[in-house]
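What follows is each chain in one-letter form.
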Amino acid sequence: MKRFYFLSLLLFALLPFKASAQYYQIANQLTSLISPALSGSLNYKGFVEFSGLAGLGHDRANDIGISTTQGFQYSSWFFMGVGLGVDVVMANQPEGWQAQPGYDYMYHGSSKTKAMVPVFSDFRFNIGDRNSTSFFVDLKLGAAWLIGSKYLRMADGCMSNSTQFFLRPTIGLRIPVSSNDTRHAFNIGVTYQLLTSNNNYYWNSNSLTLNNIGVTVGYEW
């Protein structure tokens with residue numbers, strides 16, 4: 001029992017040193033990311049991407065879009081930037097769709113196909129040697145809005161043109177143009193998209209969540 005108490009005390013005594021070491025490592029990594037910005041030696045990088053995403057679930061909508069991201073390569077493994085997209089969202093509603101009583105105006109003030117504009121921050125993590133084919137993980141996080149005054153007519157209600165939360169992670173391959181030009185590359189990946197908010201017009205609730213999965217193809221320079 002005395003040995004147990006001694007080991008417990010030793011463990012608690014070492015924990016602050018271990019935590020301090022971890023904080024020190026994190027601080028060093030942050031310094032390595034921030035120092036290029038302060039020194040003016042950041043490497044500008046741009047992306048353009050085309051995506052085709054199929055809707056999932058009862059309330060679903062297919063999504064085809066193009067987006068561009070502009071930012072800086074902070075290190076060989078980390079990119080951060082901001083982006084803008086234009087998507088065409090096509091709802092899959094049941095045949096013979098009718099608005100419930102009291103919502104009749106939505107049938108005339110809504111459409112099965114709408115344009116949408118997502119605005120986002122983009123974080124990209126490269127895994128492996130960038131001089132050859134390697135993996136990447138990309139995370140787009142922001143907001144999206146339908147264009148125009150009409151709503152998007154879904155299976156059990158309508159999506160409004162108010163702010164929707166936007167999340168789009170992608171996992172894929174980065175393929176350099178050539179062995180002599182590794183800065184420019186093609187990207188292909190599997191993409192998941194989440195749109196959600198509680199400011200829509202549904203028969204039982206104002207909450208709406210749209211899930212999509214598909215493929216993204218892009219080019220970086």
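Our structure is the block above this text.
Every residue gets a number counted from 1 within its own chain, in the order that chain's sequence is written. For a predicted model such as this one, the threshold for reporting local features is a pLDDT of at least 70, and the threshold for listing and counting side-chain atom pairs is 80 or more; totals across whole chains, interfaces and linings nevertheless cover every residue. Where side-chain values are given, they derive from all heavy atoms of the structure, hydrogens and water being excluded.

Caption draft 1: Representation of the overall build of the chain. For the purposes of this entry, the term helix denotes a DSSP run of H or I that reaches at least four residues, the term strand denotes a run of E that reaches at least two, and both are numbered from the N terminus. Of regular secondary structure, the chain possesses two helices and 12 strands. Ordered by position from the N terminus, the helices and strands of the chain form the series α-β-β-β-α-β-β-β-β-β-β-β-β-β. Buried residues are those whose accessible area, probed at 1.4 Å on protein chains only, stays under 20% of the maximum for their type, while exposed residues exceed 50% and partly exposed ones sit between those limits. When the 221 residues of the chain are sorted by exposure, 37% land in the buried category. Intrachain contacts of the chain at a sequence separation of at least 6 include 67% that bridge at least 24 residues. To be clear on the numbers: accessible area is Shrake-Rupley with a 1.4 Å probe, and residue cover counts the displayed protein chains and nothing else. If you sum the accessible surface of the chain, you get close to 12400 Å²; carbon and sulfur atoms cover 65% of it. Should any heavy atoms of two residues lie within 4.5 Å, those residues are considered in contact.

Caption draft 2: Representation of the pairing of strand S3 (residues 78-91). We treat two strands as partners when DSSP finds at least two bridges between them. Inspection of the sheet shows strand S2 (residues 61-75) paired to S3 by 14 bridges, in the antiparallel sense. Among the inter-strand pairings, Gly65 is bridged to a residue of S3, identified as Asp87. The antiparallel pairing of S2 with S3 creates a hairpin that spans two residues between the two strands. Summarising the sheet, S3 and strand S5 (residues 113-127) pair through 11 bridges and their orientation is antiparallel.

Caption draft 3: Broad picture of the pattern of salt bridges. Salt-bridge detection follows one rule: a side-chain nitrogen of Lys or Arg within 4 Å of a carboxyl oxygen of Asp or Glu. Summed over the entire model, instances satisfying the criterion amount to nine salt bridges. Note that Lys45 and Glu220 form a salt bridge whose closest N and O atoms lie 3.0 Å from each other. In this pair, Lys45 is assigned in strand S1 (residues 43-56) and Glu220 in strand S12 (residues 208-220), connecting sequence segments 175 residues apart. Here the two residues Lys45 and Glu220 agree in accessibility, since each one is buried. Residue Asp87 is joined to Arg168 by a salt bridge in which the shortest nitrogen-to-oxygen separation is 3.0 Å. Here the residue Asp87 occupies a position in strand S3, and Arg168 occupies one in strand S9 (residues 164-178), the gap between them amounting to 81 residues. Considered together, Asp87 and Arg168 belong to a single accessibility category, that of buried residues.

Caption draft 4: Highlighting the side chain of Lys114. For Lys114, the location among the structural elements is in strand S5. We score Asp and Glu as negative and Lys and Arg as positive, and we do not count His or the chain ends. Here Lys114 sits buried without a salt bridge, and the closest side chain of opposite charge, Asp63, lies 13 Å off (N-O distance). Once residues within four sequence positions are removed from consideration, Lys114 is found in contact with Asp87, Val88, Val89, Leu146, Ile147, Gly148, Ser149, Lys150, Tyr151 and Leu152.

Caption draft 5: Representation of the packing of aromatic side chains in the model. Here the aromatic set is Phe, Tyr and Trp, taking the six-membered ring for Trp, and pairing holds for ring centres within 6.5 Å; pairs whose planes are under 30 degrees apart are stacked, those over 60 apart are edge-to-face, and all others are tilted. Taken as a whole, this structure holds eight aromatic pairs when the rule is applied. Here Tyr74 and Phe78 contribute two aromatic rings whose centre-to-centre distance is 6.0 Å and whose plane-to-plane angle is 45°, an arrangement assigned as tilted. Residue Tyr74 is classed as buried on the basis of its relative accessible area of 18%. Through a chain of ring-to-ring contacts, three or more aromatic side chains come together here, namely Tyr74, Trp77, Phe78 and Phe125. One residue, Arg124, lies across the ring of Phe136, its end atom 4.4 Å from the ring centre. Placement of a charge over a ring requires the Lys NZ or Arg CZ to be within 6 Å of the ring centre, with the centre-to-atom vector within 35 degrees of the ring normal.

Caption draft 6: Quick look at the sheet that holds S5. Spatial ordering of the closed barrel is given by S1-S2-S3-S5-S6-S9-S10-S12, a layout of eight strands whose pairing is antiparallel. Taken pair by pair, the neighbouring strands of this sheet meet at an average axis angle of 25°, ignoring direction. Sheet analysis places strand S10 (residues 181-197) next to S12, joined by 13 bridges and oriented antiparallel. Bridge pairing in S12 links Thr196 to Thr209. Note on geometry: axes are C-alpha line fits, over the in-contact stretch for helices, and angles between N-to-C directions span 0 to 180 degrees.

Caption draft 7: A look at the side chain of Asp87. The class for Asp87 is buried, based on a relative accessible area of 1%. Any pair of nitrogen or oxygen atoms within 3.5 Å is treated as a polar contact; in protein, a donor-acceptor pairing is required on top of that, and neighbouring residues in sequence qualify only through side-chain atoms on both sides. Reaching out from Asp87, the side chain makes a polar contact with the side chain of Arg168 at a distance of 3.0 Å. Not counting residues up to four positions away in its chain, the partners in contact with Asp87 are Asp63, Ile64, Gly65, Ile66, Lys114, Ala115, Met116, Pro118, Arg168 and Gln193.

Caption draft 8: Structural view of the pairing of S12. Both S1 and S12 contribute to a ladder of 10 bridges, which runs antiparallel. In the sheet register, Gly52 faces S12, and the bridge partner there is Val215.

Caption draft 9: Region of interest: the nonpolar core. In these notes, a set of buried Ala, Val, Leu, Ile, Met, Phe, Trp, Tyr and Cys residues joined through side-chain atoms within 4.5 Å is what counts as a nonpolar core. Grouped together as the largest cluster of nonpolar side chains are 14 residues, with contacts concentrated most on Met116, Leu152, Met154, Met159, Leu195 and Leu210. Looking at this core, the elements that each hand over two or more residues are S3, S5, strand S6 (134-146) and S12.

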